Amino acid sequence: MKRRVLNIACIGAGYVGGPTMAVIADRCPDISVTVVDLNEARIAAWNSDALPIYEPGLAEIVKRTRGRNLRFITQAEGAAAIAQADAVFISVNTPTKTQGEGAGKASDLSYVESCARYIADHATGHTLVIEKSTMPVRAADTIKRILANGKGGATFHVLSNPEFLAEGTAIRDLEKPDRVLIGGEDPDSIEALAEVYRHWVPEKAILRTGLWSAELSKLAANAFLAQRVSSINAISALCEATEADVDEVASVLGSDSRIGPKFLKSSVGFGGSCFKKDLLSLIYLCEFYQLAGPAAYWQGVLDINEWQKHRIAELAAAHARRNGGIVAILGLAFKKDTNDFRESPAIDVCNQLLAAGLQLRLHDERVEAQAFSACLTRGTKSVRFCGSIDEAVEGADAILVLTEWDRYAKLDWSALFAIAAHGASVFDGRAVIDRVAARAAGFKVYSVGKG
Ligand code: UDX
Ligand code: ADP
């Protein structure tokens, strides 16, 4: 039986749930969308002018949809929204397990399981339950089992509809996705969800697969992307040793249509809430199915990432130690155009510099100082958060660029040279700054992948 989705609920108002639901509400004025979260402060922020996450274009969309067909409510008020919903998206965090079987690798499904129980308790009629968060393969089995034990008498179909948006470009990615993936076992349910996306996504971009393929495709896509970054970062070290230029090499590689030009930017390492977590989850799955070779292969992608962060931190540390011991860090976010710093390379680099006894001056365009300081393992006595780039650079012996914010590409290096410590060097972990200008101003410049 074909069904139409007219009421959507989404559990989880985070970096995925918030923007995704805002775009669905924007593109589907006939559908009513309710986003539910446990975190009252986060819901209050979604209902204010200071949204809890920064994404270019997001505030404008929320402004025109909130109160029309988009609302944000706390879980305490959420039961009626679940009861009314034709489709409930699960968009909660699936962090790496810290204890129990698979600790340190497997994904923790406890938040997902708690959502499934909440849905089982409150849903009425027939409800589509949609995995939006990245899940390990066969997570849908767990969800189905919980739903089957619900006492409400509702019926369910579970779909996997993983989100491929990247932070910083979330709105563009949602509005013009390369593809939307829907995995399921019931063709009518798949079509009901496809109908939602058809409001703005061309039919040919809506891919249908089985449930397990959809779950695995998301993990595999992130692993492939991370593997490209580790591959170019492995080449970056060789470029530095041989006086080659990694951007030149990347552009030659990228001109081969079989390789393609994207995701070949050498860096201090990948960060973000997905790549490491999903690689670990994939490694755990390989080990679970006794596939030691593939597990070791994907572990290598993670190992190169750790190695790259460590070696660039050590270059800056060695220089700062020989001088006055002050390091200016420009960039804490894991990439530009987001306030997110989960698994940001800046965390490990700062902790390594602090362990080396150095003083840090931190600057970022969007990351909140207080939240970031919680990631520092050595307390904040040796750390100062700076409201301006000048304040961070003043008196610094090493200037370390860790995020590719546009502003860092346009710095006035002569002015910075005048306020930095005598003999200061610049370490560009993103190959983003104007090297010629920085050298002309008097700095010694290291840039990742530049021989
Ligand atoms: C990623 C996937 O791209 C997205 O499809 C998925 O839904 C979630 O995980 P995200 O982590 O938000 O998205 O950002 P992404 O643009 O993939 O960047 C991840 C990390 O890799 C960042 O730290 C970025 O700076 C780094 N990176 C990316 C590079 O170092 N070089 C590159 O060429 C590309
Ligand atoms: P992502 O990047 O996957 O969106 P976030 O951590 O940004 O992850 O967001 C996940 C959101 O899910 C958080 O706001 C968290 O409060 C919420 N959440 C987690 N578990 C539940 C739950 N059982 N019910 C409602 N909200 C939940």
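Just above sits the structure.
Residues numbered from 1 in each chain as written. Chains lettered and ligands numbered in written order. Predicted model: local features only at pLDDT ≥ 70, side-chain atom pairs only at ≥ 80, totals over all residues. Heavy atoms only, no water.

Colleague: So what's going on with helix α8 (residues 187-197)? Residues and values would help.
Modeller: Burial runs high along α8: 8 of the 11 residues are buried. Those residues of α8 that fall on the buried side of the exposure criterion are Asp 188, Ser 189, Ile 190, Ala 192, Leu 193, Ala 194, Val 196 and Tyr 197. (Buried < 20%, exposed > 50% of the residue type's maximum accessible area, 1.4 Å probe, protein only. Helix = DSSP H or I, 4+ residues; strand = E, 2+ residues; numbered from the N terminus.)

Colleague: How would you explain the sheet that holds strand β14 (residues 444-447) if you had to name every residue and give the values?
Modeller: Read across the open sheet, the 6 strands follow the order β11-β10-β9-β12-β13-β14; overall the sheet is parallel. Of all the strands in the sheet, the pair left with one neighbour each is β11 (383-385) and β14. Neighbouring strand axes in the sheet, compared pairwise and without regard to direction, differ in orientation by 15 degrees on average. Bridge count between strand β13 (residues 425-428) and β14: 4 bridges; the pairing is parallel. By the bridge assignment for β14, Ser 425 is matched with Lys 444. (Pairing = 2+ DSSP bridges. Axes fitted to C-alpha atoms, helices over the stretch in contact; angles between N-to-C directions.)

Colleague: Tell me about the side chain of Asp 37, and name the residues and values.
Modeller: Within the element layout of this structure, Asp 37 appears in strand β2 (residues 32-37). Buried charge without a partner: Asp 37 forms no salt bridge, and the closest opposite charge is Arg 42, 4.9 Å away. At 2.7 Å, the side chain of Asp 37 and the backbone nitrogen of Ala 13 are in polar contact. Excluding anything up to four places from it in sequence, Asp 37 contacts Gly 12, Ala 13, Gly 14, Arg 42, Ile 43, Ile 73, Thr 74 and Gln 75. (Lys, Arg positive; Asp, Glu negative; His and termini not counted. Salt bridge = Lys/Arg side-chain N within 4 Å of Asp/Glu carboxyl O. Polar contact = N/O pair within 3.5 Å; in protein donor to acceptor, adjacent residues only side chain to side chain. Contact = heavy atoms within 4.5 Å.)

Colleague: An account of the pairing of β2 is requested, with residue identities and associated values reported.
Modeller: For β2, a buried count of 5 out of 6 residues is recorded, marking the element as mostly surrounded by other parts of the structure. In this structure, strand β1 (residues 7-11) lies alongside β2, joined through 5 bridges in parallel fashion. Within the sheet, the bridge partner assigned to Cys 10 lies in β2 and is Val 35. For the crossover that starts at β1, traverses helix α1 (residues 17-27) and ends in the parallel β2, the hand is right-handed. Relative to strand β3 (residues 70-74), β2 runs parallel, the two being bridged by 5 bridges. Across the sheet, Asp 37 pairs through a bridge with Thr 74, a residue of β3. (Right-handed = clockwise from strand over helix to strand, strands pointing away.)

Colleague: I'd love a proper account of unusual backbone geometry, names of residues and values included.
Modeller: In this model, Glu 243 sits at a positive phi of 65 degrees, which is unusual for a non-glycine residue. On the secondary structure map, Glu 243 appears in the loop between α9 (211-242) and α10 (246-254). With relative accessibility at 68%, the residue Glu 243 sits in the exposed group. Unusually for a residue other than glycine, Asp 337 sits at a positive phi of about 65 degrees. With respect to the secondary-structure elements, Asp 337 resides in the loop between β9 (326-330) and α13 (345-355).

Colleague: Explain α10 to me, and be specific about the residues and the numbers.
Modeller: Every buried residue of α10 is listed here: Val 246, Ala 250 and Gly 254. Angular distribution of buried residues about the axis of α10 spans 70 degrees; they occupy a single face of the element. Across from the buried face of α10, at angles greater than 90 degrees, the exposed residues are Glu 248 and Val 252. On its buried face, α10 is in contact with α9. Among the residues of α10, the N-terminal cap falls to Asp 245, whose side-chain oxygen and the backbone nitrogen of Asp 247 are separated by 2.8 Å. (Arc of directions from axis to C-beta.)

Just geometry here; none of it tells us what the structure is for.
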